[in-house]
Number of protein chains: 4
Amino acid sequence: MDDHNDTNRLEAFSDGVFAIAITLLILEIGVPHVSADGSLWRAMRELWPSYLSYTISFVVIGIMWMNHHNMFRDIVRTDHYLLVLNLLLLMCISFLPFPTAVLSEYMRAGGHRTAAVMFYGATFTVIAIAWNALWLYASHGHRLLSHDVSVARVRIRTRRNLLGPIMYGITIPLALISLWISIVIYAGLAVLYLLPQDEAWRTEHSHEPADR
Amino acid sequence: MDDHNDTNRLEAFSDGVFAIAITLLILEIGVPHVSADGSLWRAMRELWPSYLSYTISFVVIGIMWMNHHNMFRDIVRTDHYLLVLNLLLLMCISFLPFPTAVLSEYMRAGGHRTAAVMFYGATFTVIAIAWNALWLYASHGHRLLSHDVSVARVRIRTRRNLLGPIMYGITIPLALISLWISIVIYAGLAVLYLLPQDEAWRTEHSHEPADR
Amino acid sequence: MDDHNDTNRLEAFSDGVFAIAITLLILEIGVPHVSADGSLWRAMRELWPSYLSYTISFVVIGIMWMNHHNMFRDIVRTDHYLLVLNLLLLMCISFLPFPTAVLSEYMRAGGHRTAAVMFYGATFTVIAIAWNALWLYASHGHRLLSHDVSVARVRIRTRRNLLGPIMYGITIPLALISLWISIVIYAGLAVLYLLPQDEAWRTEHSHEPADR
Amino acid sequence: MDDHNDTNRLEAFSDGVFAIAITLLILEIGVPHVSADGSLWRAMRELWPSYLSYTISFVVIGIMWMNHHNMFRDIVRTDHYLLVLNLLLLMCISFLPFPTAVLSEYMRAGGHRTAAVMFYGATFTVIAIAWNALWLYASHGHRLLSHDVSVARVRIRTRRNLLGPIMYGITIPLALISLWISIVIYAGLAVLYLLPQDEAWRTEHSHEPADR
């Protein structure tokens, strides 16, 4: 524990929760039961909704981990409310294995598919809102940011973060039309976030370590 | 491992247990089974006791993590008994997913509700007692505290800690009257601990990190 | 990662596995199913074998964590075989939730009790053997030890470690006589290891951190 | 968080995922249900496929952890794509408890055995491919490597890594002939990787820590 940088233990704890939540996802995929004359191959193939939702949830949590790490390069102090807001964010992220399992179970069930996708999308939306709350609190008036962080950079980050609740929120009503539109948006957002950020940002941002 | 501060590895291990226990809570919420002509929405809504107990348990463990962190700013040495007392505390905290699942299952079952809430409250009470044992051992005669910690501060902390077993203990008999009184006390205690501590305390306490 | 002390990452990884294995134990206690006119209190009481085996396993893993930490104060270098031996040790420790669950399930079932206890005791014995293998490899000819560690101290540690496989091994045939003899030995060993070590050892051993 | 070595947090997060995935494996072994006049001993013995697949998967993940640690002695910088490739690698590794459970369940079921082994082998192959992608990206033109790493050493590592997808890939069609050929190859590869690397490599490689 380092008194000189309070964010260390917060980040370590958050990393732990991210790592556990991401690894627990696999527990939601149960071994299929196949009779002696059935086909295990077919049973495994029919689990594709589980593989798909596992992949989306894993990538989304992974991206959130990377962005959390990124965000805490700028946030260099903590206070009581930041700890609380971070805890609420982690609570929403830790919840994700449940809607993931619901989606896996009901993705192919015609009548229940819409509800399952909307619940999944709603969880992402709530996570994105908690994320914005955390960032807006920390960045308001540069409250907990490093002096090195430019106002322009804060604005870029704020705008980028706002994309989350909007895009995830849109998937909720869209699920009424088609499951696949929502899935495409989740995948698209994931790819978008997986792409490197624009060069201008990166240049300002970079902390190239000296070679060891 | 740093020989100069024995509390480091204790804190890291404790953080790990806190992070895992808090993330495992979601595993206790099972995917509801809905027939083809049933309503998934309704089934999801009927899981509200699970959402409620997940939230309470998550927030309580989160608060305990923050307070543990806080307490180990003052405790700067360890000895054998402290390790043992901390282990007992972690054992009680790791137990929490079980009464949480019991409460989720039986909160709506008229006949079993009282037993489920009392069991949940009793677990919190035991955790709070273990917490006090740890603190009283470490702070007795300033045994393992930093010299910077004033006697007044020790007294504030001791009193604050004693609130836990008393308040949680009270919820046990109160559950005989109504489930909701206990729930309100859990929520109230959580909010109370989530509020920042009083200014006098904070000023003495603060270790404002220099900007990086 | 610190190239100057290779044991850091080994210890961090081991701590992670200890913390996860210890916290997963609770997942093996399932919520009891009680009919509307049954008694939840009685159902909860009948889970006492689960509480008992949870407690023993938790304390034993916790003690192993403390001793692992202790042992790696003396072991200051790693090599390939130490990593492998440590991995095998962790494999045995991670296995523990399974015999714990078996014991919980069958402790009250007259006909199966003996098998469940013997399996539990055998797991402990194998863990203790893996532990000795690790220590004997590291300490042989002071291979991976710090120069500060006296020969006398190595001998104390070696003797102390040998107690494990012998005592745990003895519980296997004793289970044929009575479940409770074995349980008493597990509890007794746990209490023994929870007691502080003798003063002479502690004096030589102590790394009292300077106050911060 | 240390801005001077970006790989620290990546390694810590990866270590967390490795530690959790390896420890979760035990959860896939369920307690056998035995009637009062059945034999628990026999039921435990009949779980040997679970013990076998637990052991193989545990050792393979453990080896991957050691090799990941090793590889990141040479990789001293990160960039966005490395984080993404590492995330994909972790996604494949976290998936492993599922094919492990499938293999445990169907290893003895004549008709399904082949499918279960092929699925298991395919997972290992995909992991090995992700591993190679990560290494090839990081080492291409010494992109993210330390200047200390010789070209010869990069070549050794590249060749060694390529062995993975080839050997694991071969087990997939071989499973059509016999389950045991594949199992022997998995075990053989594990033993091979558990053996220390050749002396020449080790000498160049060693970072012998000074005694503390």
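Above this text sits the structure in question.
Let me sum up the structure you'll find in this document. This structure is a prediction, so every number in the text was calculated from the model and none was measured.

1. Here's the deal with the overall build of chain A
Phase 1 of the analysis: Each helix and strand counted, chain A has nine helices and zero strands in total.
Phase 2 of the analysis: For chain A, the succession of helices and strands along the chain, N to C, is α-α-α-α-α-α-α-α-α.
Phase 3 of the analysis: Counting all 212 residues of chain A, 60% fall into the buried class.
Phase 4 of the analysis: Taking the contacts inside chain A whose residues are at least 6 apart along the sequence as the reference set, 77% of them involve residues at least 24 apart.
Phase 5 of the analysis: Accessible surface, chain A as shown: approximately 8200 Å² in total, 64% of it carbon and sulfur.

2. What to know about the relation of the copies chain B and chain C
Phase 1 of the analysis: The transformation that overlays chain B on chain C combines an axial shift of 0.0 Å with a rotation of 90°, and the residual RMSD is 0.0 Å. Here the two chains are linked by the operation of a four-fold rotation axis.
Phase 2 of the analysis: A share of only 11% of the interface residues of chain B reappears at the interface of chain C, consistent with the copies meeting through non-equivalent patches.

3. Brief notes about the relation of the copies chain A and chain B
Note that the two copies of the chain are related through a rotation about an axis and a translation along the same axis.
Phase 1 of the analysis: It takes a turn of 90° to lay chain A on chain B, together with a shift of 0.0 Å along the axis; the resulting RMSD is 0.0 Å.
Phase 2 of the analysis: When the interface residues of chain A are mapped onto chain B, a mere 11% of them are again interface residues, pointing to distinct binding faces.

4. Here's the deal with the interface of chain A and chain B
Often the size quoted for an interface is simply the accessible area lost on bringing the parts together.
Phase 1 of the analysis: Chain A puts 44 residues into the contact, and the matching count from chain B is 49 residues.
Phase 2 of the analysis: Buried surface at the junction of chain A and chain B, summed over both partners, amounts to about 4100 Å²; 69% is from carbon and sulfur atoms.
Phase 3 of the analysis: Here chain A and chain B share two salt bridges between them.
Phase 4 of the analysis: A salt bridge links Glu11 of chain B to Arg9 of chain A; the nearest nitrogen and oxygen atoms lie 3.0 Å apart.
Phase 5 of the analysis: Linking chain A with chain B are eight residue pairs in polar contact (both at pLDDT 80 or more), by the criterion used here.
Phase 6 of the analysis: Listing elements by their share of the side of chain A that touches chain B, those giving two or more residues are helix 1 (7–24), helix 3 (48–74), helix 4 (80–95), helix 5 (97–106) and helix 6 (110–139) of chain A.
Phase 7 of the analysis: Top element by residues in the side of chain A that touches chain B is helix 4 of chain A. It accounts for nine residues.
Phase 8 of the analysis: Class assignment of the residues belonging to the side of chain A that touches chain B gives a composition of 28 nonpolar, eight polar and eight charged.

5. Overview of the interface of chain B and chain C
Phase 1 of the analysis: With 44 residues of chain B in contact, the opposing surface of chain C contributes 48 residues.
Phase 2 of the analysis: Surface buried jointly by chain B and chain C totals about 4100 Å² across both partners, of which 68% is contributed by carbon and sulfur atoms.
Phase 3 of the analysis: Where chain B packs against chain C, one counts two salt bridges.
Phase 4 of the analysis: A salt bridge links Arg9 of chain B to Asp15 of chain C, with the nearest nitrogen and oxygen atoms 2.2 Å apart.
Phase 5 of the analysis: Counting every contact that joins chain B to chain C gives eight residue pairs in polar contact (both at pLDDT 80 or more).
Phase 6 of the analysis: With nine residues, helix 4 (residues 80–95) of chain B is the largest single contributor of residues to the side of chain B that touches chain C.

6. A word on the environment of Leu47 of chain A
Phase 1 of the analysis: As for its placement among the helices and strands, Leu47 of chain A is situated in the loop between helix 2 (40–45) and helix 3.
Phase 2 of the analysis: In this structure Leu47 of chain A comes out as buried when scored by relative accessible area, which is 16%.
Phase 3 of the analysis: On a C-alpha basis, the gap between Leu47 of chain A and Ile29 of chain A in space is 8.3 Å, while along the polypeptide they are 18 residues apart.
Phase 4 of the analysis: Discounting residues that sit within four places of it in the chain, Leu47 of chain A has contacts with Ile29, Gly30 and Pro32 of chain A together with Phe98 of chain D.

Parameters and conventions
- Once a new chain begins, its residue numbering starts again from 1 and follows that chain's sequence as written.
- Chains and ligands are labelled sequentially in the order written, the chains with letters from A and the ligands with numbers from 1.
- With pLDDT at 70 or above as the cut-off, local features in this predicted model cover only qualifying residues; side-chain atom pairs require 80 or more to be listed or tallied, and sums for whole chains, interfaces and linings still use all residues.
- By convention in this description, side-chain values take in all heavy atoms of the structure and omit both hydrogens and water.
- A run of H or I in DSSP becomes a helix once it reaches four residues, and a run of E becomes a strand once it reaches two; helices and strands are each numbered from the N terminus.
- The cut-offs for exposure are 20% and 50% of the maximum accessible area for each residue type, with area from a 1.4 Å probe on protein chains only; residues under the lower value are buried, those over the upper are exposed, and the others partly exposed.
- Whether two residues touch is decided by their heavy atoms; if any such pair falls within 4.5 Å, the residues are in contact.
- Only the protein chains shown count as cover for residues, and all accessible areas are computed by the Shrake-Rupley method using a 1.4 Å probe.
- A residue counts toward the fit only if its pLDDT is at least 70 in both copies, and the copies are then superposed by least squares on the C-alpha atoms of those residues.
- Summed over both partners, the accessible area lost on bringing two parts together, with a 1.4 Å probe, is the buried area.
- What counts as a salt bridge is simple: a side-chain nitrogen of Lys or Arg found within 4 Å of a carboxyl oxygen of Asp or Glu.
- Polar contacts, as counted here, are pairs of nitrogen or oxygen atoms within 3.5 Å of one another; within protein the pair requires one atom able to donate a hydrogen and one able to accept it, and residues that are adjacent in sequence qualify only if both atoms are side-chain atoms.
- For this classification, the nonpolar set comprises Ala, Val, Leu, Ile, Met, Phe, Trp, Tyr, Cys and Pro, the charged set comprises Asp, Glu, Lys and Arg, and every other residue, Gly included, is treated as polar.

So yeah, pure geometry; function would need other evidence.
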